[in-house]
Amino acid sequence: MSKPILLVDDSAADVALAMEALSELRLDDHVAVARDGEQALSFLRRDGSHSERAEGNPCVVILDVKMPRMSGFEVLSAIRSDPRLSRVPVVMLSTSADRADVERSYALGANGYVVKSLSFSEFSGRLRDLGRYWTAANEPPPGSVVPRA
Amino acid sequence: MQGTTSDDVDRIARFYARVQSVETDLASGEARFRALVNGLPDTIVWEADADTVDFQFVSPSAEAILGYPVSAWYEERPNFWVNHLHPEDRDRCVSFCKTETAAGRDHEFDYRMIARDGRIVWMRDRAYCVRDESGKIVKLRGLMIDVTRQKTIEAERAAALEREREARARAEAAETALRQLNATLEERVRDRTSALEQAHRELETFSAAASHDLRSALRHIASFAELLERRAGGLDDVARSHVHEIRGASIRAGQLVDRMLELARLGHVPLREEPVDLDAIVRDAIAELAPTIGARRVDFDVSTIGRVRGDREMISIVVRNLLQNAVKFTAPRPAAKVEVRGRREGLDLVVTVRDDGVGFDPQYTERLFQPFTRLHAREDFEGHGVGLASVRRLIERHRGRVWARSEPGAGAEFSFAIPAAEEGGAS
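The model shown is predicted, which means the values in this text are computed figures rather than measured ones. (Residues numbered from 1 in each chain as written. Chains lettered and ligands numbered in written order. Predicted model: local features only at pLDDT ≥ 70, side-chain atom pairs only at ≥ 80, totals over all residues. Heavy atoms only, no water.)

Novice: What is the right way to look at the overall build of chain B in this model?
Specialist: What chain B contains, in helices and strands, is 11 helices and 12 strands. Taken over 427 residues, chain B has a buried fraction of 35%. For chain B, the proportion of contacts with a sequence separation of at least 24, taken over those separated by at least 6, is 60%. Summing over all exposed atoms, chain B offers an accessible surface of approximately 25,500 Å²; the carbon and sulfur share of this is 54%. (Helix = DSSP H or I, 4+ residues; strand = E, 2+ residues; numbered from the N terminus. Buried < 20%, exposed > 50% of the residue type's maximum accessible area, 1.4 Å probe, protein only. Contact = heavy atoms within 4.5 Å. Areas by Shrake-Rupley, 256 points an atom, 1.4 Å probe, with all protein chains shown as cover.)

This is the structure:
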């Protein structure tokens, strides 16, 4: 199934917290989850187990920076170098606002960078703002899957 | 036949007188010759048959020089000279003498003879060929000069030169060895340093990874505790307060990890040096702090400071930390004053932040700048003891220094000095 949001994070607890935050916007039904970089790319490219998925790119990919095997930076590079995916908005999700990580993200073509704050209310506020902006306020690239009203 | 006349007698008398005078001359000549030959104490005058080299004359000084009676020179067979040559010089000398004589050349050569008492005597022998009317060489005449002293001095000089040469060679060898040692020492230091750096990098990588995992776990505890609090309809007040404590403690621990990560990061990220306007940085830091002050009043008294050369982000962290500290430790006062001053000191700009807060005991000044060291209870003042450690690390990375002064109850003064930015012509 096509979804307006793709969340990529290897940690089950982090996925649960993100879904909890997005559920406050009733966006949780609109989220596809990938637990690593390969799954994320397979979803986006509609290959492997996702070959049956309906057409359309998500309005936004929320991408964890630190993941085993393929890091968020590598997934971002792969997205930006694929002509079918290069315009998909990507927001990086990280545990720290390390200057080098922030710079590298933007250099690779990220559209945003959000820190996983220690306090859940702060984090869920950020994620709500993010979800609201990319799925409702922003006009996504043509061919994107938007949430049904 | 004529008879003998007085004229004849006269003539004969005159003849004898002449003979006598010639004999006298001859005698005195021979005496002079003898005196001359005998008077050469270091020289043996000799004469020998050119074919057999049998000695026909040897001056008496021979006995003084070699200790053998002169008669031995005439009597010993096959030949006195050959018998008493140093064995190592014998063949060379005999063959040289023969060759030179056969070629009709006067010759000179040095060799050793063994004296009667076993001493080695160095001789310089000059031999001259004596020919008969037909030009055939019949005799050799010559002088053997005792050059032992000269040779000894020469040998000593040569030995001294040799010793000097050896000493120089030893010194050179020692120097070479030292140079090699230095080279290998440098190499070893380089190897050790690189091993240490490698170990340090591994440790940093490990602690960064561990810190991130730790932070994730603390964040999960804090976040799920918060979700639990929200949904805790079934919990009583005591249970809810426990959950609240869990959440607060894990957030504080998470913040401590964040500060540790920041401190570690600031230690190794490259400096981006540029001229930095400290007045603007102080202004921004005060604007950022103002909303956190709350109901009480804090007056900031800021003079013009100037520009330094440094990393903007790092200098901002330094200024923010010092101002935050000043605000924090004046908290008990309803109205507090924080002064910020700048002055040039040589090539440096010195910045001082002074407050009228609780101050600290000067004996703990050094501990202030150590990471995770706190001089006040957490209940009195929030904090992790990282701020001033970061300040010191950042200032030291700018080749600067930081110091503090205080009396308990009399406020505190923190200063740092870093290179000022050179401004066109101004000093």
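We are not done yet, so read on.
Novice: Would you take a moment to explain the sheet that holds strand β4 (residues 120-131) of chain B for this structure?
Specialist: Sheet strands associate in pairs through backbone hydrogen bonding, adopting either a parallel or an antiparallel arrangement. Residue and element names in this part refer to chain B. Pairing within the open sheet is antiparallel, and its 5 strands lie in the order β2-β1-β5-β4-β3. Pairing within the sheet leaves two strands with one partner each, and these edge strands are β2 (55-58) and β3 (107-114). Taken over all neighbouring pairs, the strand axes of this sheet differ in orientation by 25° on average, direction set aside. Pairing geometry for strand β1 (residues 43-49) and β2, over 3 bridges, is antiparallel. Within β2, the position partnered with E47 by the bridge is F57. Contacting β3, β4 and β5 (137-146), helix α6 (residues 148-230) runs over the sheet at an angle of about 125° to β4. (Pairing = 2+ DSSP bridges. Axes fitted to C-alpha atoms, helices over the stretch in contact; angles between N-to-C directions.)

Novice: Any chance you could explain the sheet that holds strand β1 (residues 5-8) of chain A here in plain terms?
Specialist: Residue and element names in this part refer to chain A. Taking strand neighbours across the sheet as the criterion, the 5 strands line up as β2-β1-β4-β5-β6 in an open arrangement whose pairing is parallel. The open sheet terminates on both sides in strands that have one partner only, identified here as β2 (31-34) and β6 (112-115). The average undirected angle you get between the axes of adjacent strands in this sheet is 20°. Alignment of strand β4 (residues 60-64) against strand β5 (residues 90-94), held across 4 bridges, turns out to be parallel. Residue I62 lies in a different strand from β5, and its bridge partner there is V91. Set on the sheet, helix α3 (residues 72-80) makes contact with β4 and β5; between it and β5 the angle comes to about 175°.

Novice: Can you walk me through the pattern of salt bridges in this structure?
Specialist: Residue and element names in this part refer to chain B. This structure, assessed with the given rule, holds 47 salt bridges over all chains. Put simply, R392 and E366 hold a salt bridge, and the shortest N to O gap is 3.0 Å. Of this pair, R392 sits in helix α11 (residues 387-397) while E366 sits in helix α10 (residues 365-368), and the two are 26 residues apart along the sequence. A relative accessible area of 22% places R392 in the partly exposed class. Each of the salt bridges in this network shares a partner with another, and the network as a whole consists of D301, K337, E339, R341, R354, R405 and E413. (Salt bridge = Lys/Arg side-chain N within 4 Å of Asp/Glu carboxyl O.)

Novice: Please explain the packing of aromatic side chains as it appears in this structure.
Specialist: What characterises a pair of aromatic rings is the spacing of the ring centres plus the angle enclosed by the ring planes. Residue and element names in this part refer to chain B. Evaluation of the coordinates by the stated rule reveals 11 aromatic pairs over all chains. Taking 5.4 Å as the distance between ring centres and 75° as the angle between the ring planes, the aromatic pair formed by W81 and Y111 counts as edge-to-face. Within this pair, whereas W81 is found in helix α4 (residues 80-83), its partner Y111 is found in strand β3, the two being separated by 30 residues in sequence. In this structure W81 comes out as buried when scored by relative accessible area, which is 5%. (Phe/Tyr/Trp six-rings, centres within 6.5 Å; stacked < 30°, edge-to-face > 60°.)

Novice: Would you mind showing me how to read the packing of α6(B) against helix α7 (residues 237-268) of chain B here?
Specialist: The relative placement of two packed helices comes down to the angle between their axes together with the axis-to-axis distance. Residue and element names in this part refer to chain B. Direction vectors running N to C along α6 and α7 enclose 155°, while the axes themselves pass 8 Å from each other. When the axis of α6 is compared with that of α7, the two are roughly antiparallel. For the pair α6 and α7, the sense of crossing is left-handed. (Parallel < 35°, antiparallel > 145°, perpendicular 65-115°, else oblique. Left-handed = near helix turned anticlockwise from the far one by under 90°.)

Novice: What's the story with the nonpolar core in this structure? I'm lost.
Specialist: Across soluble globular proteins, nonpolar side chains show a tendency to be buried alongside one another. Residues and elements named next belong to chain B. Formed by 42 residues in total, the largest nonpolar core has its most connected members in L278, V319, L322, L323, F414 and F416. Those elements that provide at least two residues to this core are α8 (278-293), α9 (312-328), β9 (335-345), β10 (348-355), α11, β11 (401-406) and β12 (412-419). Tallying contributions element by element places α9 first for this core, with 9 residues. Excluding residues that lie within four positions of it along the chain, L322 makes contacts with V353, L388, V391, F414 and F416. (Core = buried A, V, L, I, M, F, W, Y, C linked by side-chain atoms within 4.5 Å.)

Novice: Even after reading the chapter, I still don't get the packing of α9(B) against α11(B), so can you show me in this structure?
Specialist: Residue and element names in this part refer to chain B. In contact at an axis separation of 9 Å, α9 and α11 are set at 145° when each is read in the N-to-C sense. Where α9 crosses over α11, the two elements pack in a sense that is left-handed. Judged by residue contacts, M314, I317, V318, N321, L322 and N325 of α9 engage G387, L388, S390, V391, L394, I395 and R397 from α11.

Novice: In this structure, what is going on with a nonpolar patch on the surface? I would like to understand it.
Specialist: Residues and elements named next belong to chain B. On the surface, I12, F15 and Y16 cluster together into a nonpolar patch covering about 330 Å² of accessible area. Summarising the element assignment, F15 is placed in helix α1 (residues 6-38). Accessibility expressed as a relative area gives 44% for F15, which makes it partly exposed. (Patch = residues over 30% accessible without salt bridge, like charges linked within 9 Å, V, L, I, M, F, W, Y side chains within 5 Å.)

Novice: Teacher, can you tell me more about the pairing of β4(B) here?
Specialist: Along any regular strand, the residues point their side chains to alternate faces of the sheet. Residues and elements named next belong to chain B. When β3 meets β4, the two strands line up antiparallel, connected through 8 bridges. Its bridge partner lying in β4, M113 is registered against V121. Turn length for the β3-β4 hairpin, with the two strands adjacent in sequence and antiparallel, is 5 residues, and the turn residue G118 shows positive phi of about 90°. Connecting β4 to the antiparallel partner β5 that follows it, the hairpin turn spans 5 residues, and G135 within it adopts a positive phi of roughly 95°.

Novice: Just checking my understanding: could you explain the side chain of B:R219 for this structure?
Specialist: In this fold, B:R219 is placed in helix α6. A distance of 2.5 Å separates a polar atom in the side chain of B:R219 from a polar atom in the side chain of A:D14. If we ignore the near neighbours within four places in the chain, the residues touching B:R219 are A:D14, A:L17, A:K116, A:S117, A:L118 and A:F123. (Polar contact = N/O pair within 3.5 Å; in protein donor to acceptor, adjacent residues only side chain to side chain.)

Novice: Explanation requested: the state of the cysteines in the structure shown.
Specialist: Here, the word disulfide means a covalent bond between the sulfur atoms of two cysteines. All names here are of chain B. Scanning all chains against the criterion turns up 0 disulfides over all chains. C97 takes part in no disulfide bond, and the closest cysteine sulfur, belonging to C93, lies 8.6 Å away. A residue is classified by how much of its surface remains accessible, and C97, at 10% relative accessible area, is buried. (Disulfide = S-S within 2.5 Å.)

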